[in-house]
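Letter by letter, the chains look like this.
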Amino acid sequence: MASYIGRRRFLATLGGAAAWPLAAHGQQPSMPVIGFLRSTSLADVTHLVTAFRHGLRETGYVESQNVAIEYRSAEDHLDRLPALVADLIRRPVAVIVGNHNAALAAKAATTTVPIVFVTGSDPIRDSLVASLSRPGGNVTGVIFLAGILGTKRLELLRQVVPAATTIAVLVNPDAPDTEAERREVQGAAQTIGQQLIIVDARSDADIETAFATFVEGRAGALLVGTGAFMLSHRERVVALAARHGMPAMHSLRESVDAGGLMSYAPSITDAYRQTGVYAGRILKGEKPADLPVMQSIKFAFVINLKTAKALGLQIPDKLLALADEVIE
């Protein structure tokens, strides 16, 4: 039931215009249906859904006017994804749009329904596509580079807290690039003699436990890993970092908007807009196999000066000069 409870909450945040075209019995038969599937909560990603709808609009599709969208979420329970995919296929939907784990579940279930993914991981390594230029099969999508930025994030964080002898690292082990990200950060830390405390988290309770471990280990700063879980739990992570006075470098711009100190990240919002464009092109008749995997190349270093002040931090002038955006 969790996926449907989360869906109702999510629809309420989108407003009445989007709430019932997907379930209305009077829906016109010719209106195509898109299945929008996430492995994590929908309630915390309304901005991504809005970006996706903007991309659809660029190709001439407007939700409730000439396209319907069925929203589904596994609410962090990956084992629920196959049933959610099966439900969408029964509808039937004309295309399934999903984040990395959702797209993997969709690909395992169908070779005929078009699938558009959005991911910060390597879609070739994980067998979503045969190649970026010629995806093949029924799958294509949009990638944004996220996990390979761990070294840069660690470098920027150390410039803010150079005296921190220990830095905490919070990761979700179910994120596709976590192991690569973990190795990268460990290698960078070893090179410069930086001590790390790395803790996994799969739930709110795990996040609480992780922070208790960080405090016990006297961590002087926090590096937050990538993935959909960290996106949907960003407010909890930001709140705990503030409570414990822990300067944090996030892998998501959204976390800084929620009150986090800093982020160095690709634009996931732009990636979802591009995903909407691809979904619209497929509805118009193009085949996923003929649509090269797109790469979102927008990156931004963002600093929240309000949070820095609350933490008693003085951000170096050279970092302020590097920042793409400073929130005051």
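Residues numbered from 1 in each chain as written. Predicted model: local features only at pLDDT ≥ 70, side-chain atom pairs only at ≥ 80, totals over all residues. Heavy atoms only, no water.

S.K.: Just to check I follow, could you spell out the nonpolar core for this structure?
M.R.: A general tendency of soluble globular proteins is for nonpolar side chains to be buried together. Counting residues in each nonpolar core, the largest one holds 48 residues, and the members touching the most others are Ile34, Phe36, Phe52, Leu170, Phe211, Phe214 and Leu222. The element contributing the most residues to this core is helix H12 (residues 268-283), with seven residues. In contact with Leu170, other than residues within four places in its own chain, are Val199, Ala201, Ala210, Phe211, Phe214, Leu222, Leu223, Val224, Gly225, Met230 and Val237. Counting 26 residues, the second-largest nonpolar core is a separate cluster that includes Val160, Met262, Ile303 and Ala308. (Core = buried A, V, L, I, M, F, W, Y, C linked by side-chain atoms within 4.5 Å. Buried < 20%, exposed > 50% of the residue type's maximum accessible area, 1.4 Å probe, protein only. Helix = DSSP H or I, 4+ residues; strand = E, 2+ residues; numbered from the N terminus. Contact = heavy atoms within 4.5 Å.)

S.K.: Please clarify how the environment of Val238 should be interpreted in this entry.
M.R.: By the element assignment, Val238 lies in helix H10 (residues 234-243). Counting along the chain gives 22 residues from Val238 to Gly260, while the straight-line C-alpha distance between them is 5.4 Å.

S.K.: What's the story with the side chain of Asn99 in this structure? I'm lost.
M.R.: Here Asn99 lies in strand S3 (residues 95-99). A distance of 2.9 Å separates the side chain of Asn99 from the side chain of Ser39, its partner in a polar contact. Setting aside anything within four residues of it in sequence, one finds Asn99 in contact with Leu37, Arg38, Ser39, Thr40, Val118, Ala228 and Tyr272. (Polar contact = N/O pair within 3.5 Å; in protein donor to acceptor, adjacent residues only side chain to side chain.)

S.K.: What is the right way to read the packing of aromatic side chains from this model?
M.R.: Aromatic rings considered in pairs are described by the distance between their centres and by the relative angle of their planes. Taken as a whole and assessed by the stated rule, the structure comprises four aromatic pairs. Consider the rings of Phe211 and Phe214, whose centres lie 5.7 Å apart with planes at 70°: the pair is edge-to-face. Of this pair, Phe211 and Phe214 both sit in helix H8 (residues 204-216), separated by three residues, roughly a single helical turn. By the burial criterion, Phe211 is buried, and Phe214 matches it. Every member of this aromatic cluster is reached through a ring pair, and the members are Phe36, Phe52, Tyr71 and Tyr272. (Phe/Tyr/Trp six-rings, centres within 6.5 Å; stacked < 30°, edge-to-face > 60°.)

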